[in-house]
Every structure is written in C-alpha cells, then in structure tokens.
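Okay, here's what each chain looks like letter by letter:
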Amino acid sequence: MSAEMGAADSWRVTLPCTRAEAEAIDAADDLAIDAVLMTTEEVEDDRERWRLDAYMEAEPDAAMLAAIRALVPSATGTAPVVTALTAQDWVALSQEGLEPIREGRFVVHTSAHPTMAPDGGRALLIDAGQAFGTGHHATTSGCLAMLDGLAERSFANVIDVGTGTGVLAFAAAFLWPEAAIVATDIDPAAVEVTRANAAANDVSGVDLIVADGALHETITAKAPYDLVIANILAGPLVSMAPELAAIAAPKAVIVLAGLLETQRAKVVAAFADCGCTLEAVDLRGDWTILRLAAGAQRYVPASPPDPKGRDGWALDI
C-alpha cells in the first residue's frame, strides 16, 4: 500500500484486466459496489493489457477488495495495488503523461504542457480531473478530427451530448462561431468542469445543461439540431438512438463515438431504424468514430424512450 503525506481524501484500488472484462464492467447496469470504476487500455489494441481502477472515499476493507477482485477473474493471484490519494495526488495523477494532442486545426494540452495554437487553429487547455474527455483518448481525438473535416460545412444549431470536459463543444464553437451550441451531460460535476474550462479558454455562448440524454425540456425546445455530437458508450448510444434522431434536423450530421469497432454494427443498426444513414468511419485502433446523416424527414419516435441500457453512460473515456 502506498500513501503520500497528508490525510487521504480518497482511495484507489488497481488491478490488471482484459478488454472483455473491461467491456463487461462498462456495460453493467448495477455492480452494487460503492466505488467509481474506470477501465483503461494500457497497450493499444492488446486485448489482454487493460487496467481497472476503483476509486472510493473510504479505505477499502476485505469485502470491498473481494468485490473488486470478482470483477476481473484474469487477475487471480495478482495483489491489488491500494493507494491513498490526497487532493495534491489527484492533480499530479491527472496531468501525468498527457502530452499535447494535435488533430487538424486543434491542439489540446494540459497546463503542465502549454503549447501554441497552429496557424489558423485553436489551442484548448483541458486539464484532466473530474470529467472525461481530455482529447487524449482515441474517441475524443477522433471526434475532433471528424469535426475538423466538417469545417467547410455550415451549421447553425449544435448539441454535444455527454460533453465531459466540453472539448468538443469548444471545438464546434471555434469552427462555427455563429452557431448556437448546447453542451449537456448527465453528471453535474462534468457540467461544472465544462463551465470552468469555457472560462479558462475564453469560450462564451455555450449553453450548459445537466440532463439525462436528450430528453430535457430545454434540449427539445431548442431542437432541431443540424449537428448532433455524442461521445458516450455503445450501449447508451443504442438506447438513445430514437431520442438523438428525434432532435436532429432533416439531413443533420450526427457524430457518434465511444464504441469499439466490434460494436459498430449494433450502433449503426439502431440509428438506421431511426432513418439515419452511415456516411463515414474513422477507425482508430479498436475504437470507431461514426458520421451519419439523419433522414430527409425529421424522425418521430413510435413509442416513449426505453431507459434500459442508459446506466453508466457518463463513464465514457
């Protein structure tokens, strides 16, 4: 066990896992563990080299360690690494190894690695912290590239569902400065992080909403959107397909991410059922970023939204 100087604010338990175990953890509706679970790809495209980190407020007891171990059978025989974390540890951990990421007109950097914007582009300061989406994961950087590729098109009404740190909403604000932009997340902490990041990057005019998916009355009142961005997870994307399609304008662009290539067909099929057509794919290792076009007529769901599969969608990486 390791601990830094000062009282612990929280604790972390770390164990190795496989990609299959990570997917099962991410897809589970209720694991009945009083901890925040995060899975991370340790070695790109290596199915066996993933990691589970469980964060909790109290020091884990034997029962908690046993519950976490049960999630990753492949780690049988491996001692969990238990770390006491102080507030200062969080700052160090969040910035460790996060070199600037460049995608088209954008460079995303942390305060530990300041850098200049490319000519005609935009530098975005996004420190890792309580919300996901620093630009360093393939899903977020792939979305930045997808948005950059749409720069010559015109959009007037944009929504970023599952905004995390706000990086994709900020990129949209740079590319289409006259557009109305909504950034929404189910996690109030993520919305507050986005608010702080907007101030740090001198981004104004982004309407921030705490909401579960696209069902909030303010979101629907501002619809239809001609650009819909959703970097979440495959299961929630399938579940949310009708409501996301319903807020899209006819022939709107829909950018989806947070899914593995093995999950692409299921996500595409769910949106095809709502009249959407796949137009482009950006494959980055195991991860896939999709660009779809909404149908020529605005989609109207045949039945009320089914909440099954939505749990945990704010845990995107």
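For the structure given in this document, a descriptive report is provided here. (Residues numbered from 1 in each chain as written. Predicted model: local features only at pLDDT ≥ 70, side-chain atom pairs only at ≥ 80, totals over all residues. Heavy atoms only, no water.)

### Some points on the overall build of the chain
When its secondary structure is counted, the chain shows 9 helices and 15 strands. Counting every position in the chain, which comprises 317 residues, the buried fraction comes to 51%. In the structure as shown, the chain presents an accessible area of about 14300 Å², 53% of it carried by carbon and sulfur atoms. (Helix = DSSP H or I, 4+ residues; strand = E, 2+ residues; numbered from the N terminus. Buried < 20%, exposed > 50% of the residue type's maximum accessible area, 1.4 Å probe, protein only. Areas by Shrake-Rupley, 256 points an atom, 1.4 Å probe, with all protein chains shown as cover.)

### Considerations on the pairing of strand 7 (residues 106–109)
When a strand is regular, its side chains alternate between the sheet's two faces. Residues Phe106 and Val108 of strand 7 are buried on one face, and the alternating residues Val107 and His109, pointing to the opposite face, are buried as well. Pairing between strand 6 (residues 101–103) and strand 7: 3 bridges, direction antiparallel. If you follow arginine 102 over to strand 7, its bridge partner there is valine 107. Connecting the antiparallel pair strand 6 and strand 7 is a turn made up of 2 residues, with glycine 104 showing a positive phi of about 60°. The pairing of strand 7 with strand 8 (residues 122–125) spans 4 bridges and is parallel. In the strand pairing of strand 8, valine 108 is matched with leucine 124. (Pairing = 2+ DSSP bridges.)

### Details of the packing of aromatic side chains
For any pair of aromatic rings, the description rests on two quantities: the centre-to-centre distance and the angle between the ring planes. Summed over all chains, the structure comprises 3 aromatic pairs. On the basis of an interplanar angle of 75° and a centroid distance of 5.8 Å, the ring pair of phenylalanine 106 and phenylalanine 174 is categorised as edge-to-face. Here the residue phenylalanine 106 occupies a position in strand 7, and phenylalanine 174 occupies one in helix 5 (residues 167–175), the gap between them amounting to 68 residues. Judged by its relative accessible area of 1%, phenylalanine 106 is buried. Residue phenylalanine 174 is classed as partly exposed on the basis of its relative accessible area of 28%. A ring pair is formed by phenylalanine 155 and tryptophan 176, whose centres lie 4.9 Å apart and whose planes are at 85°; its orientation type is edge-to-face. In this pair, phenylalanine 155 is assigned in the loop between helix 4 (138–148) and strand 9 (157–161) and tryptophan 176 in the loop between helix 5 and strand 10 (180–185), connecting sequence segments 21 residues apart. Since its relative accessible area comes to 7%, phenylalanine 155 is described here as buried. Residue class for tryptophan 176 comes out buried when judged on its relative accessible area of 5%. (Phe/Tyr/Trp six-rings, centres within 6.5 Å; stacked < 30°, edge-to-face > 60°.)

### So, the sheet that holds strand 15 (residues 287–293)
Reading across from one edge, 11-10-9-12-13-15-14 is the order of the 7 strands in this open sheet, with mixed pairing throughout. Single-partner strands in this sheet number two, and they are strand 11 (206–210) and strand 14 (277–284). This sheet shows a mean twist of 15° between the axes of neighbouring strands, independent of strand direction. In this structure, strand 9 lies alongside strand 10, joined through 5 bridges in parallel fashion. (Axes fitted to C-alpha atoms, helices over the stretch in contact; angles between N-to-C directions.)

### Thoughts on the nonpolar core
Counting residues in hydrophobic clusters, the biggest one holds 35 residues, and the most contacted among them are Leu147, Leu150, Val158, Trp176, Ile181, Leu227 and Val255. In terms of residue count, the dominant contributor to this core is helix 5 (8 residues). Ignoring anything within four residues of it in the chain, the contact list for isoleucine 181 reads Val158, Ala169, Ala172, Ala173, Gly205, Val206 and Asp207. Ala223, Leu237, Ala252 and Leu259 belong to the second-largest nonpolar core, a separate cluster that totals 34 residues. (Core = buried A, V, L, I, M, F, W, Y, C linked by side-chain atoms within 4.5 Å. Contact = heavy atoms within 4.5 Å.)

### A look at the sheet that holds strand 6
In spatial order, the strands read 6-7-8; together these 3 strands make up an open sheet with mixed pairing. Looking at the sheet topology across the chains shown, the edges are occupied by strand 6 and strand 8. Sheet twist, expressed as the average angle between the axes of neighbouring strands with direction ignored, equals 20°. In this fold helix 4 packs onto strand 6 and strand 7, with an angle of close to 30° to the strand it touches most, strand 6.

Nothing here speaks to function; it is all geometry.
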